[in-house]
Amino acid sequence: MSDGTTGTTAGTTRKHTALPKARILIEALPWLTRHHGKTVVIKFGGNAMVNEELKAAFAQDVVFLRHAGLKPVVVHGGGPQISAALDRHGIVSEFKAGLRVTSEDAMDVVRMVLAGQVQRELVGLLNQHGPFAVGLTGEDAHTITATKHTPEIDGESVDIGRVGEITAIDTGAIEALLADGRIPVVSSIARSQDDGDLGHVYNVNADTAAAALAAALGAETLMVLTDVEGLYEDWPHSDEVISRLTATELEKLLPELSAGMVPKMEGCLHAVQNGVTTARVIDGRVQHSILLEIFTDEGIGTMVVPDAPGDEQEGNAA
């Protein structure tokens with residue numbers, strides 16, 4: 001006849017095994033409370049788009065946010081996939097002022113890759129966990145409207161083709177999907193502001209599109225996935241990451257940043273200057289980086305916050 005010792009030992013083992021999990025959940029509680037019901041716009045890009053394990057972890061994170069009571073919106077580009085498709089079509093990839101030169105022929109490929117390949121794969125990954133994700137582009141329901149963007153290089157205007165500058169955002173379709181418990185997945189293509197424009201659409205930088213959508217939606221947070229740990233203090237002389245800075249502090253740093261970080265940090269700046277509570281640049285090479293950033297005390301990456309009252313004049317940290 002058993003004296004119950006074995007059962008007691010097994011129960012104790014189970015308790016010890018489960019306790020760390022309980023502590024992790026409790027640590028997340030204040031963050032769950034703070035973000036419940038809030039909209040979070042996530043720009044999906046970098047290595048997380050091409051690594052299978054990172055893609056799967058990203059999808060899990062986004063669905064977790066949805067189940068935790070947040071309202072995630074995903075915005076994506078597709079640089080590596082677009083370059084590969086252009087190569088297959090014999091179209092040379094060219095960049096000016098940090099933006100892809102997009103001819104009429106290239107625009108057809110960009111549209112096909114973003115809406116027909118990258119978006120479809122991402123929607124499929126999210127929907128492995130339930131009937132949540134719905135794909136749309138900026139063309140749909142006039143979500144993103146743009147006019148032709150003509151950058152200046154060395155003081156001269158340069159024609160880079162069908163690259164758009166966002167002029168208007170209509171959040172109606174996205175808000176309807178969020179109200180229905182869905183996860184909108186938005187491709188960074190915009191309709192033309194000029195109804196007489198026979199080309200109809202523009203290629204829009206995905207960082208810029210995510211920031212514009214976050215501001216228009218009144219999002220709590222904008223999160224931009226990158227292939228670096230965050231914004232470095234003194235790159236390339238130091239790899240120390242700036243964990244937090246204000247809008248004014250970021251404005252001062254912008255002229256010194258590398259070309260690849262400029263649209264990301266400009267997007268963060270635009271977001272916090274237009275009502276978004278925080279904007280974060282996080283390392284998409286780290287599995288579950290989104291959950292680590294939102295639901296832990298430490299967080300990872302760089303967080304940009306609006307200036308506290310008076311900071312615009314004084315330039316001091318919040």
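Everything below is about the structure printed above this text.
Residues numbered from 1 in each chain as written. Predicted model: local features only at pLDDT ≥ 70, side-chain atom pairs only at ≥ 80, totals over all residues. Heavy atoms only, no water.

**Q** So, the sheet that holds strand 16 (residues 302-305): which residues are in play, and what are the values?
**A** On the basis of which strands lie adjacent, the open sheet formed by eight strands has the order 5-10-2-1-13-15-16-14 and mixed pairing. At either end of the open sheet lies a strand with only one pairing partner, and these are strand 5 (133-137) and strand 14 (244-246). Across the sheet, the mean angle from the axis of one strand to that of its neighbour is 20 degrees, orientation sign disregarded. Taken strand by strand, helix 4 (residues 104-126) contacts strand 1 (39-44), strand 2 (71-76), strand 5 and strand 10 (183-187), and its axis lies near 165 degrees from that of strand 5. Packed on one face of the sheet, helix 6 (residues 206-217) meets strand 1, strand 2, strand 10 and strand 13 (221-226) and runs near 175 degrees to strand 1. (Pairing = 2+ DSSP bridges. Helix = DSSP H or I, 4+ residues; strand = E, 2+ residues; numbered from the N terminus. Axes fitted to C-alpha atoms, helices over the stretch in contact; angles between N-to-C directions. Contact = heavy atoms within 4.5 Å.)

**Q** Give me the lowdown on the packing of aromatic side chains, citing residues and values where you can.
**A** Tallied over the entire structure, the rule returns one aromatic pair. Measuring from ring centre to ring centre gives 4.1 Å for Phe44 and Phe58, while their planes differ by 25 degrees; the resulting arrangement is stacked. With Phe44 in strand 1 and Phe58 in helix 2 (residues 52-67), this residue pair connects regions lying 14 residues apart in the sequence. Classification of Phe44 as buried rests on a relative accessible area of 3%. On the accessibility criterion, Phe58 (3% relative accessible area) is buried. (Phe/Tyr/Trp six-rings, centres within 6.5 Å; stacked < 30°, edge-to-face > 60°. Buried < 20%, exposed > 50% of the residue type's maximum accessible area, 1.4 Å probe, protein only.)

**Q** Help me get a handle on helix 8 (residues 262-273), residues and values and all.
**A** Between its first and last C-alpha atoms helix 8 spans 16 Å; for twelve residues at 1.5 Å apiece the expected length is 16 Å, and the two agree. Turning to helix 8, its buried residues are Lys264, Met265, Gly267, Cys268, Leu269, Ala271 and Val272. If you follow the buried residues of helix 8, they end up packed against strand 1, helix 6, strand 13, helix 7 (247-253), strand 15 (278-283) and strand 16. One or two positions beyond helix 8, positive phi appears at Gly275, with a value near 100 degrees. (Expected span 1.5 Å × (residues − 1).)

**Q** Go over the sheet that holds strand 11 (residues 189-192), please, and point to the residues and values.
**A** Spatially, 9-6-11-12 is the arrangement adopted by the four strands of the open sheet, whose pairing is mixed. Of all the strands in the sheet, just strand 9 (164-169) and strand 12 (201-203) have a single pairing partner and so form its edges. Strand-to-strand twist across the sheet, computed as the mean angle between neighbouring axes with direction ignored, equals 50 degrees. Here three bridges tie strand 11 to strand 12, and the two strands are oriented antiparallel to one another. For Ala190, the partnering residue across the bridge sits in strand 12 and is Tyr202. The strands touched by helix 4 within the sheet are strand 11 and strand 12, with strand 12 carrying the most contacts at an inclination of about 80 degrees.

**Q** I'd like a rundown of the pattern of salt bridges, residues and numbers included.
**A** Any two side chains of opposite charge can pair, so long as their charged atoms come close to each other. This model, assessed by the stated rule, comprises twelve salt bridges. A salt bridge links Glu139 to Arg111, with the shortest nitrogen-to-oxygen separation between them at 2.6 Å. Taken together, the positions of Glu139 in the loop between strand 5 and strand 6 (144-148) and Arg111 in helix 4 put the pair 28 residues apart, joining distant regions of the chain. Note that Lys264 and Asp207 form a salt bridge whose closest N and O atoms lie 3.2 Å from each other. Within this pair, whereas Lys264 is found in helix 8, its partner Asp207 is found in helix 6, the two being separated by 57 residues in sequence. Asp207 shares its class with Lys264; the two are buried. (Salt bridge = Lys/Arg side-chain N within 4 Å of Asp/Glu carboxyl O.)

**Q** Which residues make up helix 6, and what values do they have?
**A** Compared with the 16 Å implied by 1.5 Å per residue over twelve residues, the 16 Å span of helix 6 between its first and last C-alpha is a close match. Buried residues dominate helix 6, accounting for ten of its twelve residues. When we look at burial in helix 6, the residues that qualify are Ala206, Asp207, Ala209, Ala210, Ala211, Ala212, Leu213, Ala214, Ala215 and Leu217. Where helix 6 begins, the side chain of Asn205 points an oxygen toward the backbone nitrogen of Asp207, at a separation of 2.9 Å. After helix 6 finishes, the residue Gly218 shows a positive phi value of roughly 65 degrees. (Polar contact = N/O pair within 3.5 Å; in protein donor to acceptor, adjacent residues only side chain to side chain.)

**Q** Describe the packing of helix 3 (residues 79-88) against helix 4, naming the residues involved and giving the relevant values.
**A** Any two packed helices are characterised by the angle at which their axes cross and by the distance between the axes. At a minimum axis distance of 9 Å, the contact between helix 3 and helix 4 shows a crossing angle of 130 degrees. Taken together, the axis directions place helix 3 and helix 4 in an arrangement best described as oblique. Remark: the crossing between helix 3 and helix 4 carries right-handed chirality. Together, Gln81, Ile82, Ala85 and Leu86 of helix 3 and Ala106, Val109, Val110, Val113, Leu114, Gln117 and Val118 of helix 4 make up the contact between the two elements. Across the contact of helix 3 with helix 4, the residue classes break down as nine nonpolar, two polar and no charged. (Parallel < 35°, antiparallel > 145°, perpendicular 65-115°, else oblique. Left-handed = near helix turned anticlockwise from the far one by under 90°. Nonpolar A, V, L, I, M, F, W, Y, C, P; charged D, E, K, R; others polar.)

**Q** Describe the nonpolar core, listing the residues and the values that go with them.
**A** Counting 43 residues, the largest nonpolar core has Ile42, Phe58, Leu126, Ile290 and Phe295 as its most contacted members. For this core, the elements supplying multiple residues, two or more each, are helix 1 (5-35), strand 1, helix 2, helix 3, helix 4, strand 10, strand 13 and helix 9 (289-295). Considering each element in turn, this core owes the most residues, eleven residues, to helix 4. In this structure, Ile174, Leu177, Val224 and Val276 belong to the second largest nonpolar core, which totals 39 residues. (Core = buried A, V, L, I, M, F, W, Y, C linked by side-chain atoms within 4.5 Å.)

**Q** With reference to specific residues and values, describe the environment of Gly218.
**A** Along the chain, Gly218 turns up in the loop between helix 6 and strand 13. Sequence spacing of Gly218 and Thr277 is 59 residues, and the spatial spacing of their C-alpha atoms is 8.7 Å.

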